[in-house]
Amino acid sequence: MSQAPGPTLETERLILRPTALEDFDAWAQFMAHDASRFVGGPIPRSTAWRGLMTMAGSWTLEGFAMFSVIEKSSGRWVGRIGPWRPHGWPGTEVGWGVIPECHGSGYATEAAAASMDFAVDVLGWTDIIHCIDPENTPSERVAQRLGSTNLRPGKMPPPFDEHSINIWGQSAAQWRQNRQRLAR
Amino acid sequence: MNRRAPGPTLETERLILRPPELADVAPWMAFMGSEASANIGGPVPALRGWSSLMFGAGDWALRGYGMFSVVEKASGDWIGRVGPVHYEGWPGTEIGWAIIPIAQGKGYSVEAAAACMDWVVDVLGWTDIIHTIRPDNFISQKVAKRLGSVNQGLGKLPPPHEDLTVDIWGQSAADWRARRA
């Protein structure tokens, strides 16, 4: 108990594991910050609670969700990154959200790459998208580093359908190639 | 794969109460998308219905309790959700209920809620139980009264439900034990 069921991944600098109750304070702080405006924030603590629990529930019932990302050197929660496909979503997404203190660290790319491997190799996803706000230049850069391209303008399902996004992405086959390039 | 959240299964005369599973998403989304959910914050878009069921499953996975999915023994049908609710910022430890219209009027809410009251008092050790009920939700008020709860006055729910007007009904665990004895 206290951690949702699912695998733990490891990268050079990060641990990726399913959502845990102990993530809540850091999660709520992240979602209260203006930097969360591209990932559904800023929102009050009680609303952030719902987001954390929804993520844990997706791990439990769907068998996947975004990982909680832990910085190895400090042990702190630095964001949530990974596969995400709520009902009505425009595709099978690998998404990311990293706390502002760690922007520029390359963590989003590092954790997203491990998540793309997981989505392709374990979940068997054949396509991966990233829903990105047109004003979110840092996230566009992460997508580009992963080898994704801006595929088309997209629409989120209601109640987020007012929000315009671009759908970035690539196929699993492309990722297998891009992965090699990224590893070098 | 029809995954189920971890947790116990309770049984009453006519009902099975078990943690939510993936197959409950479709009927729950249908219920939350209909006018019948007006008393619990609906109707809401399908994505919100999906989220709220996942949210309940997350509760079970991370804290060891949450709302049970209620299955009618006779038909094997999923008929709603009843059970413990204590979200961040919530005004107390609640037993809540939501039964789909086709299964209403049979006393199922009372039957399931009573089993949940026993469980939260005996297993979780809750000392007080509340029910947050809209002032115009007379059906749920009747359920609360049948359970022996009383209206303790106007209450406030945390965001995102801060605009929902509710009364806080409830009773102590001691009162509930005395009533059940």
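Rules behind the numbers
- Residues numbered from 1 in each chain as written.
- Chains lettered and ligands numbered in written order.
- Predicted model: local features only at pLDDT ≥ 70, side-chain atom pairs only at ≥ 80, totals over all residues.
- Helix = DSSP H or I, 4+ residues; strand = E, 2+ residues; numbered from the N terminus.
- Rg over C-alpha atoms; globule rule 2.2 N^0.38 Å.
- Buried ≥ 20, exposed ≤ 12 C-beta atoms within 10 Å, placed from the backbone.
- Contact = placed C-beta atoms within 7 Å.
- Nonpolar A, V, L, I, M, F, W, Y, C, P; charged D, E, K, R; others polar.
- Core = buried A, V, L, I, M, F, W, Y, C linked by C-beta atoms within 7 Å.
- Axes fitted to C-alpha atoms, helices over the stretch in contact; angles between N-to-C directions.
- Parallel < 35°, antiparallel > 145°, perpendicular 65-115°, else oblique.
- Left-handed = near helix turned anticlockwise from the far one by under 90°.
- Pairing = 2+ DSSP bridges.
- Arc of directions from axis to C-beta.

Participant: Before we go on, may I ask you to explain the overall build of chain B in this structure?
Facilitator: The helix and strand tally for chain B stands at five helices and eight strands. Written out in order from the N terminus, the α and β elements of chain B read β-β-α-α-β-β-β-α-β-α-β-β-α. Its C-alpha atoms give chain B a radius of gyration of 15 Å, near enough to 16 Å, the size a compact globule of 181 residues would have. Oriented by its inertia axes, the alpha-carbon framework of chain B measures out at about 40 × 35 × 35 Å. Going through the 181 residues of chain B one by one, you find that 42% of them count as buried. For chain B, restricting intrachain contacts to residue pairs at least 6 apart in sequence, the fraction spanning at least 24 positions comes to 56%.

Participant: Could you clarify how one ought to interpret the overall build of chain A in this entry?
Facilitator: On a plain count of helices and strands, chain A comes out with five helices and eight strands. By the compact-globule yardstick of 16 Å for 184 residues, chain A fits well, its C-alpha radius of gyration being 15 Å. When the backbone C-alpha atoms are referred to their principal axes, chain A occupies close to 40 × 40 × 35 Å. Expressed as a percentage of its 184 residues, the buried residues of chain A come to 43%. Look at the contacts in chain A between residues 6 or more apart in sequence, and 58% of them connect residues 24 or more apart.

Participant: What is the right way to read the interface of chain B and chain A from this model?
Facilitator: Many analyses report the size of an interface as the accessible area lost when the parts associate. At the interface, 28 residues of chain B touch 27 residues of chain A. Looking at the side of chain B that touches chain A, the element that brings in the most residues is helix H2 (residues 46-63) of chain B, giving 14 residues. Of the residues belonging to the side of chain B that touches chain A, the class tally is 17 nonpolar, five polar and six charged.

Participant: I would appreciate a short explanation of unusual backbone geometry in the present structure.
Facilitator: In terms of backbone geometry, most residues other than glycine have negative phi values and most peptide bonds are trans. With an omega dihedral of 10°, the bond running from A:Pro158 to A:Pro159 counts as a cis peptide bond. Within the fold, A:Pro159 resides in the loop between strand S7 (149-155) and strand S8 (164-171).

Participant: Looking at this structure, how should I read the environment of A:Val78?
Facilitator: All names here are of chain A. Its location among the elements puts Val78 in strand S4 (residues 77-84). Taking the number of C-beta atoms within 10 Å as the measure of exposure, Val78 has 23 and is therefore buried. As for Val78 and Asp127, which are separated by 49 residues in sequence, their C-alpha atoms are 26 Å apart. Every residue in contact with Val78, bar those within four places of it in the chain, is listed here: Val69, Ile70, Glu71, Val98, Ile99, Cys102 and Tyr107.

Participant: What should I look at first to understand the nonpolar core in this one?
Facilitator: The tendency in soluble globular proteins is for nonpolar side chains to be buried as a group. The biggest cluster of nonpolar side chains holds 98 residues, and the ones touching the most others in it are A:Ala111, A:Ala112, B:Ala112, B:Ala113 and B:Met117. Ranked by residues supplied to this core, first place goes to helix H3 (residues 107-121) of chain A with 10 residues. Sequence-distant contacts of B:Ala113, defined by excluding residues within four places in its chain, comprise B:Val82, B:Ile95, B:Trp97, B:Val143 and B:Leu147.

Participant: Looking at this model, I keep getting lost on the packing of helix H1 (residues 25-32) of chain B against H2(B). Mind explaining?
Facilitator: The axes of two packed helices give the description: the angle between them and the distance between them. Residue and element names in this part refer to chain B. Where H1 contacts H2, the two axes come as close as 8 Å, and the packing angle between them is 125°. Between H1 and H2, the interaxial angle falls into the category oblique. Relative to H2, the crossing made by H1 is right-handed. Residues Val25, Trp28, Met29 and Met32 of H1 form the contact with H2, whose own contacting residues are Ala46, Arg48, Gly49, Trp50, Ser52 and Leu53. The residue makeup of the contact of H1 with H2, split by class, is seven nonpolar, two polar and one charged.

Participant: Just to check I follow, could you spell out the pairing of S8(A) for this structure?
Facilitator: A regular strand carries its side chains on alternate faces of the sheet. All names here are of chain A. Both strand S6 (residues 127-132) and S8 contribute to a ladder of six bridges, which runs antiparallel. What sits directly across from Ile132, in S8, is Asn166. With six bridges connecting them, S7 and S8 associate as antiparallel partners. Across the sheet, residue Asn150 finds its bridge partner in S8, namely Trp168.

Participant: Just to check I follow, could you spell out the pairing of S4(A) for this structure?
Facilitator: All names here are of chain A. Counted residue by residue, S4 has eight buried out of eight residues, so it is predominantly covered. Both strand S3 (residues 67-71) and S4 contribute to a ladder of four bridges, which runs antiparallel. Counted as the bridge partner of Phe67 is Ile81 from S4. Counting the residues between successive antiparallel strands, the hairpin from S3 to S4 contains five residues, one of them, Gly75, with a positive phi of roughly 80°. As judged from the six bridges shared by S4 and strand S5 (residues 93-98), these two strands associate in the antiparallel manner. Opposite Trp84, over in S5, you have Glu93 as the bridge partner.

Participant: Sorry, what's going on with helix H4 (residues 137-146) of chain A here?
Facilitator: Residue and element names in this part refer to chain A. Taken residue by residue, H4 has Ser139, Val142, Ala143 and Leu146 as its buried positions. Projected down its long axis, H4 shows its buried positions confined to an angular sector of 95°, all on one face. Across H4 from its buried face, at more than 90 degrees, point the exposed residues Thr137 and Arg141. Each element contacted by the buried residues of H4 is listed here: S5, H3, S6, S8 and helix H5 (172-183). Phi turns positive, to about 95°, at Gly147, one or two residues after H4.

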